[in-house]
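The residues making up each chain are set out below.
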Amino acid sequence: MADGLILEALRITRHGAPLVALDRAIAPGEVLTVMGPSGVGKSTLLAAITGTLAPGFRAEGRIWLDGQDITRTPPHLRRVGILFQDDLLFPHLNVAENLAFGLRPGGTRPDRLSRIEAALDEIGLPGYGPRDPATLSGGQKARVALMRMLLSEPCTLLLDEAFGGLDAALRQQMRALVFDRARDRRLPVLMVTHDAEDAAAAGGEIVRLG
Amino acid sequence: MPRDGLVRSVPALTLLAMLGPVLAGLWGTVLPALGHLPAAGETGLSGAPFARLLDWPGLPRAIWLSLGTGLAATLISLGIVALIVAGWWGTPAFRALERALSPLLSVPHAAAAFGLAFLIAPSGWIARVVSPALTGWDRPPDWLIVNDPWGLSLIAGLVAKEVPFLLLMTLAALGQSDGARSLRVAQALGYGRVTGWLKCVFPRVYAQIRLPVFVVLVFGMSVVDVAVILGPTTPATLSVQIVRWMNDPDLALRMTAAAGALLQLALVLGALCLWWLGERAAARLGRAAVLRGGRGWADPALRAGGLLAGAVSALAMLAGIAALFLWSVAGFWGFPDALPEAYSLRTWTRAAPGMADALADTALVALAATALALMLVLGCLEAEHRSGRALTRRGLWLIYLPLLLPQTAFLPGLQTLLLGIGADTGRAPVIAAHLVFVLPYVFLSLGDPWRAWDVRHGRIAAALGAGPWRVLWTVRLPMLLRPVLTAAAVGIAVSVGQYLPTLLIGGGRVATLTTEAVALASGGDRRAIGAYGVAQTAAALLPFAVALVVPTLVWRNRRGLHG
C-alpha cells in the first residue's frame with residue numbers, strides 16, 4: 001500500500017442504518033475537504049479514523065495509514081492527529097506543559113524544554129511557556145493546540161471545523177499556518193468544514209456529503 | 001411581603017441548625033477537657049484530664065491506628081475510583097459497575113461492616129465455601145482476621161463503603177470537566193486511556209471532589225461503629241475509646257473523654273495538613289510526568305487492576321448483605337457447610353418486638369430530620385434563586401463543615417452540655433443532632449438538579465401572572481419531584497445509618513436499628529446481627545425505591561419529565 005491516508009470502502013452505520021460512506025486516498029502533503037450540512041456524519045467520519053466511534057456506530061471497510069492497516073488499532077497507537085473547533089488546551093497545565101504533553105517521550109529534561117521553547121518560537125509565542133492557557137487570545141490558543149498536536153509527530157492530520165471558532169482575519173492566518181506545516185511535514189490532511197472559504201484555501205479535492 | 005422575608009431568613013436558620021450544635025459541642029468539649037465539669041464535682045482549670053489521657057497506655061497505638069486506617073482507607077478508595085474511571089469510563093463494564101455500586105452507597109456503614117465480617121472471618125462465608133475442599137479445614141482456623149491489631153479489616157470495610165461514595169462524586173464532577181473530549185485529544189496525541197485520563201482529566205476532577213475526599217479522610221479516622229465491628233480491640237482506635245470513656249459510670253472519665261476528643265480533633269486537622277502536603281507532592285510529580293511525556297506502558301495492567309478492585313469491592317458488599325440475610329434465616333449451620341442445613345424464621349419472630357420499637361424510633365427520627373432538612377434546603381435554594389446570589393466557595397465549605405469535623409470531637413461535648421443545662425436527652429435532641437449530618441447531604445443532593453432547572457419555565461409562569469410562591473409550588477416542585485424525593489431518600493439513608501449521635505445524644509433512651517445492631521457486635525449472636533443488619537439496610541434502601549417509583553407513577557403520561 002502507498003503512503004498517505006487511504007479510506008478503503010469506508011462505510012459507517014448507526015444501529016445498522018447507513019450514515020456515511022467514503023472511498024478515497026489522500027497522498028502525503030495533500031488535502032481532502034469534506035463538506036456538508038451539520039448532522040450528515042462528518043464528525044462521525046473523523047471519529048472512525050481516530051478510532052473513537054461512540055457506541056451504536058459501526059465502521060466497515062479499511063483505513064490505511066502509510067501502508068499500515070490501522071482499522072483495528074487502539075486510538076492512541078494510530079498516530080492520527082486531530083484539531084477541533086475548540087482548542088481543548090488542558091486548563092490545569094501551563095502552555096509549556098500542554099506542549100510537553102504532546103511532545104513524544106524521550107530525551108533529557110533540558111533537551112525537552114529547549115524543544116518546547118523552539119516550538120513556541122515557531123508559532124510566534126516565544127516566552128509564553130509559563131502562561132496560563134486561559135490568559136491567551138483565541139488565535140494564540142489555536143496555535144498552541146496545533147503545535148501540541150504536531151509535537152506528537154502524527155502521520156496524518158484531521159481538521160474537525162478547526163477554524164470555525166476564529167474571526168475572518170485570524171482564520172486566514174491559521175489556515176495558512178496549518179496547511180504550510182502539513183505540507184512541510186508531508187502529512188495527508190482530511191478537513192471537515194461547512195465553510196466554502198476553508199475549502200477554497202485548502203486547494204485540494206472537495207467531497208460533498210448529504 | 002412578609003413571606004418573602006421568611007425565605008430570606010432561611011439560610012441563616014439553616015446555618016444555625018447545622019453549625020449551632022457543632023459549635024456548642026466543641027465548647028462543651030473544651031470545658032471538661034480543661035477540668036471544668038460541675039456534674040462530676042470538678043470546677044476550674046486543671047491539666048488533670050490531659051494527664052490522665054496521656055497515662056492511658058494504649059494512647060500511642062490508638063493515635064497511629066486512627067491516622068493509619070484513615071489515611072490508608074482514603075488513599076486506597078481514591079486510587080480504586082481513579083483507576084476504574086480512568087480505565088473504563090464510557091464502557092459497558094463501567095455502566096454495569098456503576099449500577100452495582102450506586103445502591104450500595106446508601107447501605108449503612110454498620111450493616112456493610114457486619115456483612116464484611118460475616119464474609120472474611122475465619123468461620124465466615126468465604127472460609128465455608130472453600131472448606132474443606134481447598135483448605136482441609138473442618139473447624140475454623142484460629143486466626144484473628146476481624147478485629148486484627150493492624151486495623152486491616154477496618155480499612156477494608158471503610159474502602160468497600162467509600163468506593164461507591166467517591167465514584168458517584170467523581171461522576172458528578174466529570175459532567176463539568178469535559179472529560180470525554182479531553183480524553184479524545186489525549187488519545188490522538190498517543191496516550192493510552194489510563195495514562196491519558198490520569199494526566200489530563202484527573203487533576204480537574206480531583207479539584208472538584210476534594211471536599212468529599214476530605215470527608216472520607218475525617219470519617220475514616222474517627223468512625224466509631226465500623227471500628228467497633230471490624231477494628232482492633234486492645235487498644236481500640238481513639239474514637240472508640242472516647243465513647244467507652246463517655247459511657248463509663250465514673251463521671252470523671254468524661255473529662256478524659258473530652259481531652260481525647262480534642263486530641264482527635266487535632267489529629268484530624270494534622271491529617272488534613274498531611275493530605276494537603278501530599279496533594280502538593282502529587283501535583284509536582286504529576287507535572288514532572290507530564291513534562292516527560294510518557295505515553296503509559298502499564299495501562300493494560302492498571303485497567304485490569306482497577307476493574308478487579310472495583311468488582312471485588314462491589315461483590316464484597318453484595319455478598320456481605322447476602323450473608324447477613326442468610327444468617328437471619330439460618331437454622332443449624334455447621335462450620336464447613338457452604339449453606340445452612342435448614343432455614344427458619346425463628347430469628348425474625350424472636351427479634352420482632354424489639355425490632356418493631358427500634359424501627360419506630362428509626363423512622364420517627366429519620367422522617368423528622370429529613371422533613372426539617374428538606375424545608376431548610378428548599379428555603380435556601382429558593383432564597384438563592386430569588387436573590388440571584390449563587391453559593392460561593394466559602395458557602396460550600398460551610399455546608400461541608402459538619403462532615404469535616406470528627407463526630408467524636410463535638411458530640412461528647414454536646415451531650416455533656418445538654419446534661420449540664422438540664423435539657424432532657426431523648427428524641428428531640430437526637431433529631432436535632434441527626435439534622436446536622438442530614439442537612440449537608442440533602443443540600444448537596446438537591447443543589448445541582450435544582451439549579452439545572454430551566455428558569456425560563458419560571459419566567460413564562462411569571463409572565464402569565466403567577467407569583468414566586470405559585471411558581472414554586474405549581475411549576476418548580478412538581479417538575480423537580482424526582483430529585484426532591486431522591487434528596488429525601490438520601491437524607492433518610494444518612495439518618496438511618498447514624499450511630500454516634502443517636503447513642504450519645506439519645507442517652508440510651510433512643511434505640512434505632514443501627515444502635516441496636518452495633519450493640520449486638522460484642523455478643524456474637526450472628527442470627528440476630530443478620531436480622532438487624534438486613535432491617536437496617538432495608539430501612540435505608542426502601543426510600544430510594546419509593547423515590548424511583550413514585551415519579552414514574554405520578555408522571556406516567558408525561559414523557560418530558562423522564563430524563
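Per an unreviewed UniProt entry, chain B goes by ABC transporter permease and derives from Meridianimarinicoccus roseus. Checking UniProt for chain B, the heading Subcellular location (unreviewed entry) contains the comment "Cell membrane". Looking at chain B in UniProt, the text filed under Sequence similarities (unreviewed entry) is "Belongs to the binding-protein-dependent transport system permease family."

If you check an unreviewed UniProt entry, chain A appears there as ABC transporter ATP-binding protein from Meridianimarinicoccus roseus.

Peer 1: For unusual backbone geometry, give the residues involved together with the corresponding values.
Peer 2: Residue and element names in this part refer to chain B. Omega for the peptide link from Ser 131 to Pro 132 comes to -10 degrees, which places this bond in the cis form. Within the secondary structure layout, Pro 132 lies in the loop between helix 6 (125–130) and helix 7 (152–174). The amide bond that connects Thr 234 to the next residue, Pro 235, takes the cis arrangement and shows omega of -5 degrees. Within the element layout of this structure, Pro 235 appears in the loop between helix 11 (225–230) and helix 12 (238–246).

Peer 1: Could you give an account of the interface of chain A and chain B, naming the residues involved and the relevant values?
Peer 2: Listed by partner, the interface residues are 32 residues for chain A and 24 residues for chain B. Buried surface at the junction of chain A and chain B, both sides included, amounts to about 2500 Å², of which 62% is carbon and sulfur. Its largest share of buried area at the contact with chain B, chain A owes to His76(A), His92(A) and Phe101(A), together 28% of the area lost on that side. In this assembly, chain A and chain B are joined by 2 salt bridges. Residue Asp86(A) pairs with Arg181(B) through a salt bridge whose shortest N-O separation is 2.9 Å. Remark: the boundary between chain A and chain B carries 11 residue pairs in polar contact (both at pLDDT 80 or more). Within the residue set of the side of chain A that touches chain B, elements represented by two or more residues are helix 1 (42–50), strand 6 (80–84), helix 2 (95–102), helix 3 (109–122) and helix 4 (138–151) of chain A. Residue composition of the side of chain A that touches chain B, grouped by class: 17 nonpolar, 9 polar and 6 charged.

Peer 1: Tell me what's going on with the packing of aromatic side chains, and back it up with residues and numbers.
Peer 2: Residue and element names in this part refer to chain B. This model, assessed by the stated rule, comprises 11 aromatic pairs over all chains. Ring geometry for Phe 214 against Trp 397: centres 6.3 Å apart, planes inclined by 50 degrees, an arrangement best described as tilted. In this pair, Phe 214 is assigned in helix 10 (residues 202–222) and Trp 397 in helix 16 (residues 393–404), connecting sequence segments 183 residues apart. Overall, Phe 214 belongs to the buried group, its relative accessible area being 6%.

Peer 1: Please give an account of the sheet that holds strand 8 (residues 189–193) of chain A that cites residues and values.
Peer 2: Residues and elements named next belong to chain A. The 5 strands lie next to each other as 6-7-8-3-9, forming an open sheet whose pairing is parallel. One side of each edge strand has no neighbouring strand; the edge strands of this open sheet are strand 6 and strand 9 (205–208). Sheet twist, expressed as the mean angle between neighbouring strand axes with direction ignored, is 15 degrees. Sheet topology places strand 6 next to strand 7 (residues 156–160); 5 bridges connect them, and they run parallel. Bridging from a neighbouring strand, Phe 84 pairs with Asp 160 of strand 7. Packed on one face of the sheet, helix 1 meets strand 3 (31–35), strand 6, strand 7 and strand 8 and runs near 155 degrees to strand 7. Against the sheet, helix 5 (residues 168–184) touches strand 3, strand 7 and strand 8, its axis set at about 160 degrees to strand 7.

Peer 1: How would you explain the side chain of Thr408(B) if you had to name every residue and give the values?
Peer 2: Residues and elements named next belong to chain B. Within the secondary structure, Thr 408 sits in helix 17 (residues 407–420). When its relative accessible area of 0% is taken as the criterion, Thr 408 is described as buried. Polar side-chain contacts of Thr 408 include one of 2.8 Å to the side chain of Ser 239. Apart from residues no more than four positions distant in its own chain, Thr 408 is found in contact with Ser 222, Val 224, Ser 239, Ile 242, Val 243, Ala 261, Gln 264 and Leu 500.

Procedures and definitions
Residues numbered from 1 in each chain as written. Chains lettered and ligands numbered in written order. Predicted model: local features only at pLDDT ≥ 70, side-chain atom pairs only at ≥ 80, totals over all residues. Heavy atoms only, no water. UniProt positions renumbered as here; feature names shortened; annotations may be inferred. Helix = DSSP H or I, 4+ residues; strand = E, 2+ residues; numbered from the N terminus. Contact = heavy atoms within 4.5 Å. Buried area = accessible area lost by both parts, 1.4 Å probe. Salt bridge = Lys/Arg side-chain N within 4 Å of Asp/Glu carboxyl O. Polar contact = N/O pair within 3.5 Å; in protein donor to acceptor, adjacent residues only side chain to side chain. Nonpolar A, V, L, I, M, F, W, Y, C, P; charged D, E, K, R; others polar. Phe/Tyr/Trp six-rings, centres within 6.5 Å; stacked < 30°, edge-to-face > 60°. Buried < 20%, exposed > 50% of the residue type's maximum accessible area, 1.4 Å probe, protein only. Pairing = 2+ DSSP bridges. Axes fitted to C-alpha atoms, helices over the stretch in contact; angles between N-to-C directions.

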